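Structural characterization, general
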Amino acid sequence: MILKHLALASFAILSLSACQTTTETEPTPIVNVPFTAPLASDFRSEIAIARYSELLNRADLSEEQQAKLYYDRGVLFDSLGMTTLSRIDFNRAVKLKPDLAEVYNFLGIQHTLMQQYEKAYEFFDSALELDEEHEYAYLNRGIALYYGDRAGLAKNDFDEFLARSPNDPYRVLWVHLASAQEDKVKALESLKTNATALDESQWAYQLISLYSGDMSEHAFLSGISDGVKTEQEYAQRLCEAYFYLAKMHQAAGEEYLAADYFRLALATNVHEFIEYKYARLELELMAGVDAS
């Protein structure tokens, strides 16, 4: 049974824009949204990090074994939100073994988050040169291109990513986000066309229904906990829901609501999800912060 705090709760956040002097109507804070406690760090990841650190002190490891351990520890650091430590390990891994496609993919994500888009493109290109079947490098390069204001090129990568799994609602949604940067009407038509390949029983299909206008925001929020079995699953689902709600309000010009939803996504503490990572970038971009 889902714990009580997984039920709908009244959770109001006052937008920063409400504190500014403006001639516009004061924005209404978000209320009556589902919420849960921030996801706690997995102690097993911390134990694994300690174990990898012990192994790396051994003198009998080959360079390939060291590279694998640095990569594995870097992934765990990243999952705990320790980005700098993870980047150090990824750089060590790729120096020891330059053909690790997955390391380049992670480094590309991290440079995207630092708004170093050209460097990010290089890392994703390297990942795909080493492994053209590395489908998530297409997603992540597409995201880097999207934030680098290259929506057309981003859509090409998202289309490639979608082609490899046409029944994935998240892939359909990223194609839509890039398409809408160029033509909102055509993007909506494309969204509805791509949605025909999806399984409507998937929870993520509700995101498609929300974006296509077939579901209200209230109905979407009310159904988030449906079928959830654990607190971790619920926090992960909320992280995704809040990020895409934020993107929807952002597209409608409702920056204050978008910012509040991005903050809610961050409040879930689901560090390893791209929605968490890019919610932080979105807020930096809104504030005009250069993360590099």
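Residues numbered from 1 in each chain as written. Predicted model: local features only at pLDDT ≥ 70, side-chain atom pairs only at ≥ 80, totals over all residues. Heavy atoms only, no water.

Right, let's get into unusual backbone geometry. Notably, Asp149 is not glycine yet its phi reads approximately 60 degrees, a positive angle. Within the element layout of this structure, Asp149 appears in the loop between α6 (135–147) and α7 (151–163). Classification of Asp149 as exposed rests on a relative accessible area of 72%. (Helix = DSSP H or I, 4+ residues; strand = E, 2+ residues; numbered from the N terminus. Buried < 20%, exposed > 50% of the residue type's maximum accessible area, 1.4 Å probe, protein only.)

Turning our eyes to something else, we now look at the pattern of salt bridges. Across all of its chains, the model carries 19 salt bridges by this definition. Between Lys97 and Asp99 there is a salt bridge, with its nearest N and O atoms 2.9 Å apart. We classify Asp99 as partly exposed; its relative accessible area is 43%. Linked by salt bridges that have partners in common, Arg73, Asp89 and Arg92 make up one network. (Salt bridge = Lys/Arg side-chain N within 4 Å of Asp/Glu carboxyl O.)

Now for helix α14 (residues 274–287). Given 3.6 residues per turn, any residue in an α-helix points the same way as the ones three and four places further on. With 14 residues, α14 extends 20 Å from end C-alpha to end C-alpha; this agrees with the ideal 20 Å at 1.5 Å per step. All buried positions along α14 are accounted for by Ile274, Glu275, Tyr276, Lys277, Tyr278, Ala279, Leu281, Glu282 and Leu283. Of the residues one or two after α14, Gly288 is the one with positive phi, at around 75 degrees. (Expected span 1.5 Å × (residues − 1).)

Locating Thr268 in the fold gives a position in the loop between α13 (255–267) and α14. Using a relative accessible area of 1% as the deciding quantity, one classes Thr268 as buried.

The subject of this paragraph is the packing of helix α12 (residues 231–251) against α13. In contact at an axis separation of 8 Å, α12 and α13 are set at 165 degrees when each is read in the N-to-C sense. In terms of axis orientation, α12 runs roughly antiparallel to α13. As for how α12 packs across α13, the hand of that crossing is left-handed. Contacts from Cys239, Tyr242, Phe243, Leu245, Ala246, Lys247, His249 and Gln250 of α12 reach α13 at Glu255, Leu257, Ala258, Tyr261, Phe262, Leu264 and Ala265. (Axes fitted to C-alpha atoms, helices over the stretch in contact; angles between N-to-C directions. Parallel < 35°, antiparallel > 145°, perpendicular 65-115°, else oblique. Left-handed = near helix turned anticlockwise from the far one by under 90°. Contact = heavy atoms within 4.5 Å.)

Before going further, it helps to examine α12. Between its terminal C-alpha atoms α12 stretches 30 Å, which fits the 30 Å expected from 21 residues at 1.5 Å a residue. Judged by how many residues are buried, α12 sits mostly within the fold: 16 of 21 residues are covered. Of the residues trailing α12, Gly253 is marked for its positive phi of about 80 degrees.

Moving on: the packing of helix α5 (residues 117–130) against α6. Axis separation between α5 and α6 bottoms out at 10 Å; the angle between their running directions is 160 degrees. Comparing their axes, α6 and α5 come out roughly antiparallel. Two packed elements cross with a definite hand, and for α5 against α6 that hand is left-handed. Contacts between α5 and α6 involve Tyr117, Ala120, Tyr121, Phe124, Asp125, Ala127 and Leu128 on the former and, on the latter, Ala137, Tyr138, Asn140, Arg141, Ala144, Leu145 and Tyr147.

Turning to its location among the elements, Asn156 is positioned in helix α7. In this structure Asn156 comes out as partly exposed when scored by relative accessible area, which is 46%. Separated by 14 residues in sequence, Asn156 and Gly142 place their C-alpha atoms 7.6 Å apart.

This next bit is on the environment of Ala204. Along the chain, Ala204 falls in the loop between α9 (184–195) and α10 (205–212). Spatially, the C-alpha atoms of Ala204 and Glu240 are 9.0 Å apart, while their sequence positions differ by 36 residues. Other than its neighbours up to four places away in sequence, Ala204 contacts Pro169 and Tyr170.

Let us now look at the confidence of the model for the chain. Mean pLDDT for the chain: 87, with 85% of residues reaching 70 or above. Here residues 1–25 scores under 50 on pLDDT; set against residues more than four positions off or in separate chains, the count is 44 contacts. (pLDDT = per-residue confidence, 0-100.)

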